[in-house]
Amino acid sequence: MDQIVERRTRTRVRAERPKLYKVILLNDDFTPRAFVVGVLKGVFRMTEGEAYGVMLTAHRRGACVVAVYTREVAETKTRAANARGRAEGYPLAFTTERES
Ligand code: NFA
């Protein structure tokens, strides 16, 4: 019996959209404003103006989204930023949260 085999010549590759994670800066009463700005500039590559705005929003509202990244990047930057505060004895805290 003859068989007819149809071969697919193209396979469409669908890339999954990577899940995104927010890095959030939490306010505290002890970390100096300028130190927070320095961490935002150093770890998150912000300009002075961007960093100052994020710091002030966290100071006024209790928390501020710093940026959104893929999971590994968000967690690595959160750890690095928390380590900088801890190294100076400040309670400065960043957290990572899955974006909706
Ligand atoms: N609230 C801190 C202060 O008045 C500044 C600060 C802002 C700390 C944002 C942490 C996060 N020195």
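Rules of the game
Per chain, residues are indexed from 1 in the order of the written sequence. Reporting in this predicted model follows two pLDDT cut-offs: at least 70 for local features of residues, and 80 or more for side-chain atom pairs to be given and counted; totals over whole chains, interfaces and linings ignore these cut-offs and use all residues. Computation of side-chain values covers all heavy atoms of the structure but excludes hydrogens and water. All axes are obtained by fitting lines to C-alpha atoms, using only the stretch in contact for helices, and the reported angles, taken between N-to-C directions, cover 0 to 180 degrees. A helix here means a DSSP run of H or I that spans at least four residues, while a strand means a run of E at least two residues long, and both kinds are numbered starting from the N terminus. Throughout this description, any angle smaller than 35 degrees is read as roughly parallel, any larger than 145 degrees as roughly antiparallel, any in the 65 to 115 degree range as roughly perpendicular, and the remainder as oblique. In this scheme, a crossing is called left-handed if the near helix is turned counterclockwise away from the far one by less than a right angle; it is called right-handed if the turn is clockwise. Here a residue-residue contact requires only that any non-hydrogen atoms of the pair lie within 4.5 Å. When residues are sorted by character, Ala, Val, Leu, Ile, Met, Phe, Trp, Tyr, Cys and Pro go into the nonpolar class, Asp, Glu, Lys and Arg into the charged class, and all the rest, Gly among them, into the polar class. Neighbouring residues are identified by heavy atoms, a residue being near a molecule or strand if any of them is within 4 Å of it. A 3.5 Å cut-off defines polar contacts: any pair of N or O atoms within that distance qualifies, except that in protein one atom must be a possible hydrogen donor and the other a possible acceptor, and neighbouring residues in sequence count only when both atoms are side-chain atoms.

Let us now look at the packing of helix H1 (residues 33-44) against helix H2 (residues 48-61). One can describe the packing of H1 onto H2 by two numbers: an axis separation of 9 Å at closest approach and a directional angle of 125°. Viewed along their axes, H1 and H2 adopt a mutual orientation that is oblique. Between H1 and H2 lies a crossing of right-handed hand. Between H1 and H2, the contacting residues are Arg33, Val36, Val37, Leu40 and Lys41 on the first element and Glu48, Ala51, Tyr52, Val54, Met55, Leu56 and His59 on the second. Of the residues that constitute the contact of H1 with H2, the class distribution is eight nonpolar, one polar and three charged.

Every residue near the ligand is listed here: Leu25, Leu26, Asn27, Asp28, Thr31, Arg33, Val36, Met55, Ala58 and His59. Here a nitrogen atom of the ligand sits 2.7 Å away from a polar atom, N or O, in the side chain of Asn27. Within the side chain of His59, an N or O atom sits 2.8 Å from a nitrogen atom of the ligand. Of all the secondary-structure elements, those providing two or more residues to the shell around the ligand are strand E1 (20-26), H1 and H2. Taken together, the residues that form the shell around the ligand break down as five nonpolar, three polar and two charged.

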